[in-house]
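These are the residues of each chain, in order.
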Amino acid sequence: MDTIEGGCRCGRIRYRVTADKLPLAYACHCRDCQTWSGSAFSLQFILSETLLEVTGEPLLYERTSPESARTSYQRGCPTCMTRVYNTNSARPGLAAVRAGTLDRSDELNVVAHIWTKRKMNGIVIPDDVPSWPESAPPADFIAALSRQ
Ligand SMILES: [Zn+2]
Ligand SMILES: [Zn+2]
């Protein structure tokens, strides 16, 4: 089994993922993700929270969306402010880990893009990578993320 680990910029928050290979990542170009990442898009992989072992006591930030009434629980490093992962009341038991925090982030495959109608100019999505203008239909999205 591969060692899949990651953490924040300063090393205070570290995590280990129980999996036999690197998870597949997807990009979200929505405005919230741009703001939250300070970048063109957020990049994450989803896994069962039970497969994520975290050390270093992350800071918790909770935000309930007024539109959806869903609550997002963001975990980040209180020292260097790297946002590491989040959970959401809309998908109990699942964690979305910021893919760039993986030690082996250079080996990641980005297999789907969502909310591309908010995509910044100059960001080009390869033709063979599935993308959707807004959220993807769940079945299509799961299929894209299960691609080998
Ligand atoms: Zn840190
Ligand atoms: Zn987003």
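Residues numbered from 1 in each chain as written. Chains lettered and ligands numbered in written order. Predicted model: local features only at pLDDT ≥ 70, side-chain atom pairs only at ≥ 80, totals over all residues. Heavy atoms only, no water.

Where do I start with the overall build of the protein chain in this structure?
A count of helical and extended segments in the protein chain gives 2 helices and 10 strands. When the helices and strands of the protein chain are read in sequence order from the N terminus, they spell out β-β-β-α-β-β-β-β-β-β-β-α. On C-alpha atoms alone, the protein chain measures out to a radius of gyration of 15 Å, which is about the 15 Å that the 2.2 N^0.38 rule sets for 148 residues. Out of the 148 residues in the protein chain, the part that is buried amounts to 38%. Of the contacts formed within the protein chain by residues at least 6 apart in sequence, a portion of 51% connects residues at least 24 apart. For the protein chain, the exposed area adds up to about 8,600 Å²; of that, 50% sits on carbon and sulfur atoms. Taking the average location of the 17 positive side-chain charges in the protein chain and that of its 16 negative ones, the two points are 6 Å from each other. (Helix = DSSP H or I, 4+ residues; strand = E, 2+ residues; numbered from the N terminus. Rg over C-alpha atoms; globule rule 2.2 N^0.38 Å. Buried < 20%, exposed > 50% of the residue type's maximum accessible area, 1.4 Å probe, protein only. Contact = heavy atoms within 4.5 Å. Areas by Shrake-Rupley, 256 points an atom, 1.4 Å probe, with all protein chains shown as cover. Lys, Arg positive; Asp, Glu negative; His and termini not counted. Charge placed at Lys NZ, Arg CZ, Asp CG, Glu CD.)

What am I meant to see in the coordination of the zinc ion (ligand 1) here?
Each donor-metal-donor angle in an ideal tetrahedron of four donors is 109.5 degrees, and each such angle in an ideal octahedron of six donors is either 90 or 180 degrees. Summarising the metal site, the zinc ion (ligand 1) is bound by the protein donors Cys8 (SG), Cys10 (SG), Cys77 (SG) and Cys80 (SG), whose distances to it range over 2.3 Å. Around the zinc ion (ligand 1), the 4 donor atoms sit at angles spanning 107 to 115 degrees, and that spread fits a shape best called tetrahedral. Read in sequence order, the donor residues for the zinc ion (ligand 1) give the motif C-x1-C-x66-C-x2-C. Of this pair, Cys10 sits in the loop between strand S1 (4-7) and strand S2 (14-17) while Cys80 sits in the loop between strand S7 (71-76) and strand S8 (83-88), and the two are 70 residues apart along the sequence. (Donors = N, O, S within 2.8 Å, 3.2 Å for Na, K, Ca; no water. Tetrahedral: all angles 85-135°; square planar, octahedral: opposite > 155°, others 65-115°.)

I would appreciate a short explanation of the coordination of the zinc ion (ligand 2) in the present structure.
Ligation of the zinc ion (ligand 2) by protein atoms is provided by Cys28 (SG), Cys30 (SG) and Cys33 (SG), these donors lying 2.1 to 2.3 Å from the ion. In primary-sequence terms, the residues that donate to the zinc ion (ligand 2) follow C-x1-C-x2-C. Cys33 matches Cys30 in its accessibility class, with the two residues each being buried.

Help me understand the confidence of the model for the protein chain, please; the structure alone is not making it clear to me.
Fine structural detail should not be taken from predicted coordinates in areas where pLDDT scores are low. When pLDDT is averaged along the protein chain, the result is 95, and 99% of the positions lie at 70 or above. For the protein chain, per-element mean pLDDT is lowest for helix H2 (residues 138-146), which scores 91, and highest for strand S5 (residues 52-55), which scores 98. (pLDDT = per-residue confidence, 0-100.)

Sorry if this is basic, but what is going on with the nonpolar core here?
One broad rule of soluble globular proteins: the nonpolar side chains tend to lie buried together. Among the nonpolar cores identified, the biggest contains 18 residues, and Tyr15, Val17, Phe45, Leu52, Val97 and Leu102 are the most heavily contacted of them. Within the residue set of this core, elements represented by two or more residues are S2, strand S4 (42-48), S8 and strand S9 (94-98). For Phe45, the contacting residues outside a window of four places in its chain are Tyr15, Val17, Pro23, Leu24, Ala25, Ala95, Ala96, Val97, Ala99 and Leu102. Within the second largest apolar cluster, 10 residues are counted, among which are Tyr26, Cys28, Trp132 and Phe141. (Core = buried A, V, L, I, M, F, W, Y, C linked by side-chain atoms within 4.5 Å.)

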